[in-house]
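A look at the structure
Each chain is listed here by its residues.
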Amino acid sequence: MQATEAQRAVAAATSIASSLGLPADDALILNDSNKLTLRLLPCDVLARVAPVAEQVAQLEIDLARRLAESGSPVATLEPRVEPRVYERDGFVITLWTYYEPVATDVISPAGYASALERLHASMRKLDLPTPHFTDRVESAQQLLASRDLTPALADADRELLSNTLRSLRRAIDERGPAEQLLHGEPHPGNVLTTKNGLLFVDLETCCRGPVEFDLAHAPEEVGENYPGVDQDLLRECRILVLAMITTWRWDRGDQLPNGRQLGAEWLGQMRAALSR
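These remarks concern the structure in this document.

Helix and strand counts for the protein come out as nine helices and nine strands. Against the compact-globule benchmark of 19 Å for 276 residues, the protein has a radius of gyration of 19 Å, which places it among compact chains. Overall size of the protein, expressed as C-alpha extent along the three principal axes, is 55 × 45 × 35 Å. Burial analysis of the protein (276 residues in total) assigns 49% to the buried set. Both charge centroids of the protein, one from 28 positive and one from 40 negative side chains, sit 1 Å from each other.

The subject of this paragraph is helix 1 (residues 3-19). Taking 1.5 Å per residue, 17 residues should reach 24 Å; helix 1 reaches 24 Å between its end C-alpha atoms and fits that length. For helix 1, the set of buried residues is Ala6, Ala9, Ala12, Ala13, Thr14, Ile16 and Ala17. Where helix 1 is buried, its residues touch strand 1 (24-32), strand 2 (36-42), strand 3 (45-51), strand 4 (86-88) and strand 5 (91-97). Just past helix 1, the residue glycine 21 takes up positive phi, approximately 85 degrees.

Residue position: glutamate 212 is located in helix 6 (residues 211-215). The side chain of glutamate 212 sits in the buried core without any salt bridge; arginine 175 is the nearest counter-charge, 8.8 Å away. A distance of 3.0 Å separates the side chain of glutamate 212 from the backbone nitrogen of aspartate 230, its partner in a polar contact. The residues touching glutamate 212, leaving out its near neighbours within four places in the chain, are Gly228, Val229, Asp230, Leu233, Leu234 and Cys237.

Tracing the sequence through the fold places methionine 270 in helix 9 (residues 259-275). Between the alpha carbons of methionine 270 and phenylalanine 91 there is a distance of 36 Å; along the sequence they are 179 residues apart. Ignoring anything within four residues of it in the chain, the contact list for methionine 270 reads Leu160, Leu161, Thr164, Ile239, Leu242 and Ala243.

As a further point, take the nonpolar core. One finds Leu63, Leu67, Leu165, Phe213, Leu240 and Met244 to be the most contacted residues of the largest nonpolar core, which totals 63 residues. For this core, the leading source of residues is helix 8 (residues 231-249), giving 10 residues. For leucine 240, the contacting residues outside a window of four places in its chain are Phe133, Val137, Leu165, Leu168, Arg169, Ile172 and Phe213. Leu36, Cys43, Val45 and Phe91 belong to the second largest nonpolar core, which has 21 residues in total.

Taken together, five strands build an open sheet; the order of strands is 1-2-3-5-4 and the sheet is antiparallel. The open sheet has two edge strands with one neighbour each: strand 1 and strand 4. On average, each strand axis in the sheet is inclined to that of its neighbour by 35 degrees, with strand direction left out of account. Bridge count for strand 3 against strand 5 is seven bridges, and the pairing is antiparallel. Of the residues in strand 5, the one forming a bridge with valine 45 is threonine 97. Contacts from helix 2 (residues 57-69) reach strand 3 and strand 5, with the element oriented near 20 degrees to strand 5.

The rules we used
Residue numbering note: each chain is counted from 1, following its sequence as written. Since the coordinates come from a predicted model, pLDDT governs what is reported: local features require at least 70, and pairs of side-chain atoms require 80 or more to be given and counted, while whole-chain, interface and lining totals use all residues. Excluded from the side-chain calculation are hydrogens and water; included are all heavy atoms of the structure. Numbering goes from the N terminus for both helices and strands, where a helix is a DSSP run of H or I of at least four residues and a strand is a run of E of at least two. The size measure is the radius of gyration over C-alpha atoms, and the globule rule it meets is 2.2 Å times the number of residues to the 0.38 power. When accessible area is computed with a 1.4 Å probe and restricted to protein chains, residues below 20% of their type maximum are described as buried, those above 50% as exposed, and intermediate ones as partly exposed. Asp and Glu count as negative and Lys and Arg as positive, but His and the ends of the chain are not part of the count. In plain terms, the charge of a residue is placed at NZ if it is Lys, CZ if Arg, CG if Asp and CD if Glu. The span one expects for a helix is its residue count, reduced by one, times 1.5 Å. Contacts were defined at the residue level, with two residues in contact if any of their heavy atoms lie within 4.5 Å. What counts as a salt bridge is simple: a side-chain nitrogen of Lys or Arg found within 4 Å of a carboxyl oxygen of Asp or Glu. Polar contact is the term for a pair of N or O atoms within 3.5 Å; when the atoms are in protein, one must be able to donate a hydrogen and the other to accept it, and sequence-neighboring residues count only if both atoms are side-chain atoms. For our purposes a nonpolar core is just a set of buried Ala, Val, Leu, Ile, Met, Phe, Trp, Tyr and Cys residues, chained together by side-chain atoms within 4.5 Å. At least two bridges found by DSSP between two strands is the condition for calling them paired. Whenever a helix is involved, its axis is fitted only over the stretch in contact; in every case the axis is a line through C-alpha atoms, and angles between N-to-C directions fall within 0 to 180 degrees.

Laid out in structure tokens, this is it:
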């Protein structure tokens with residue numbers, strides 16, 4: 001977020017927490033992108049804050065509650081207050097349990113795969129109205145179709161990304177894979193290492209699709225440890241996801257730190273993957 005917007009977001013979160021009886025004299029910024037993730041102190045609550053127009057917080061709340069009830073490896077909502085979406089000063093705020101991270105240099109691929117498999121097993125039992133993974137592909141295609149939204153993207157790169165998204169979306173669809181509810185972006189940045197084991201966060205990206213689409217966001221070794229994976233489909237999903245996240249880095253409104261540099265690096269990775 002822009003500095004002034006971030007200041008307002010912090011003020012909104014601390015105000016909501018205080019009004020609910022959770023002392024919030026200080027706020028540590030844990031992550032700052034399209035939304036702000038804060039650790040509120042001394043109540044030790046994790047707050048996620050997003051502009052009202054850019055959120056699907058209610059879906060995330062509903063999904064988190066139902067998954068927690070089934071014992072899924074997900075972060076839970078703050079138990080001291082009503083589990084709902086709060087609004088203040090143009091922001092939506094959700095309040096979550098803060099987990100003290102466990103120091104580790106690497107997450108075991110087998111443990112990562114096992115946790116994701118447990119999450120998928122619970123998600124298969126849920127019936128919630130969610131987007132399809134191809135909706136996210138389409139949003140990337142719309143960015144590429146607009147030079148106003150992606151003005152710095154070279155014509156050759158725009159064509160490569162457009163062709164890749166179109167062809168792989170069609171190829172995956174023609175495979176007719178089994179589909180279910182997915183996390184949507186279970187990459188390492190959305191996995192917490194805690195004393196309770198691995199926990200997944202940021203459920204607002206949930207969608208329907210093949211489990212290989214989720215696995216495409218994780219390190220390659222995770223897919224090698226996940227049972228029953230269609231490796232050919234997973235390879236297609238990996239390149240599709242790489243094309244999507246590369247496209248988002250060229251969005252003129254992208255707020256990911258070093259996003260443009262990453263976009264250039266990922267273009268190179270995508271060319272290498274396609275050549276193989």
